[in-house]
Amino acid sequence: MDWGAFEDAWHDSACRTLSDLAGACPGERLYGAAFHLFYMDDVQILPPALAANTEAAVHEDHGHSTRFTPPEWRWDVLDVPSNAMSPWYHRLAEEHLAPTASEADRYAALNALDAAHDSAMAHVCKAITATARRGDLHGSLPPEFVVVILEGQRGDEEAGLIRKSVDPQVLPTVPELAEYLRQLEEG
């Protein structure tokens, strides 16, 4: 797999989708986007969902904010970029999840693919954030716009995924995310 081309394809598809979304919602403050709903088993790997939210759509529910809970965001699944990436994921499954000689080899292949995919998606998040902050995604995005991996289903891994997907210099510019990360790490 050409991981660089994979990352570029995700970047370009997600940037087009987020730009179109920002353009279609003038006056809305789109504060961030996130990848979530990662899925892989021993037969397939699927594209994660790209979600986006606006400040107006954040709400408190019994003391819990939806700010960093993509399944509760206004656009919890943006289909266009995930659909565009489906051929890449089909190829990943063919290359990495093909039958192996032993169960141990299969387990090693799954773990290697999972780690490589997480790393690639973290690079994609950083690249989209950088594109947005340069003003090359859409002019209406706020300077603190960020794209991050928010995969609450992965429990203890979520904090590490956030750290991998957000550049250390960017994190302090998004105080709510930095606080959320601190709570996860202390939690």
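A brief report on the enclosed structure follows. The model shown is predicted, which means the values in this text are computed figures rather than measured ones. (Residues numbered from 1 in each chain as written. Predicted model: local features only at pLDDT ≥ 70, side-chain atom pairs only at ≥ 80, totals over all residues. Heavy atoms only, no water.)

For side chains of opposite charge, pairing can occur when their charged atoms come near one another. Summed over the entire model, instances satisfying the criterion amount to ten salt bridges. Of the charged contacts, one joins Asp 136 and Arg 134 as a salt bridge, the two residues approaching to 3.0 Å between their closest N and O atoms. Judged by its relative accessible area of 54%, Arg 134 is exposed. Here Glu 157 ties to Arg 154 by a salt bridge, and the two come within 2.8 Å at their closest N and O atoms. According to the relative accessible area criterion, Arg 154 is buried, its value standing at 17%. (Salt bridge = Lys/Arg side-chain N within 4 Å of Asp/Glu carboxyl O. Buried < 20%, exposed > 50% of the residue type's maximum accessible area, 1.4 Å probe, protein only.)

All right, on to the layout of surface pockets then. Empty space within the largest pocket amounts to approximately 340 Å³. Considering the residues around the largest pocket, the lining is formed by 19 residues, among which His 64, Ser 65, Phe 68, Thr 69 and Tyr 180 are closest to the centre. Sorting the residues of the lining of the largest pocket by element identifies β6 (64-65) and α5 (175-186) as the ones contributing at least two each. The element contributing the most residues to the lining of the largest pocket is α5, with five residues. Classifying every residue of the lining of the largest pocket gives seven nonpolar, seven polar and five charged. (1 Å grid on protein atoms, 1.4 Å probe; cavity = no way out; pocket = protein on both sides within 12 Å on 5 of 7 lines; lining within 4 Å. Points joined across faces, edges and corners; volume = space filled by probe spheres on them. Helix = DSSP H or I, 4+ residues; strand = E, 2+ residues; numbered from the N terminus. Nonpolar A, V, L, I, M, F, W, Y, C, P; charged D, E, K, R; others polar.)

Looking now at the environment of Met 121. Locating Met 121 in the fold gives a position in helix α3 (residues 103-133). Met 121 sits 25 residues away from His 96 along the chain, and the two C-alpha atoms are 17 Å apart.

The next point concerns empty space enclosed by the protein. In this approach the atoms are scanned with a rolling probe the size of a water molecule, which exposes any empty space left behind. Here the structure, examined in full by the defined rule, presents one cavity of 30 Å³ or more. Looking at the largest cavity, the residues that line it are Leu 21, Ala 22, Cys 25, Glu 28, Leu 30, Thr 54, Trp 75 and Ser 140. Of the residues that constitute the lining of the largest cavity, the class distribution is five nonpolar, two polar and one charged.

The subject of this paragraph is the packing of aromatic side chains. Per the counting criterion, the structure on display carries seven aromatic pairs. Here the aromatic rings of Tyr 31 and Trp 73 are separated by 5.9 Å at their centres, their planes lie at 70°, and the arrangement is edge-to-face. Taken as a pair, Tyr 31 in strand β1 (residues 30-36) and Trp 73 in the loop between β6 and α2 (79-96) lie far apart in primary sequence, 42 residues in all. Pair check on accessibility: Tyr 31 and Trp 73 agree, each one buried. Three or more aromatic residues link up through ring pairs in this structure, and these residues are Trp 3, Phe 6, Trp 10, Phe 35, Trp 88 and Tyr 89. The side chain of Arg 154 reaches across the aromatic face of Phe 38, ending 5.8 Å from its centre. (Phe/Tyr/Trp six-rings, centres within 6.5 Å; stacked < 30°, edge-to-face > 60°. Lys NZ or Arg CZ within 6 Å of the ring centre and 35° of its normal.)

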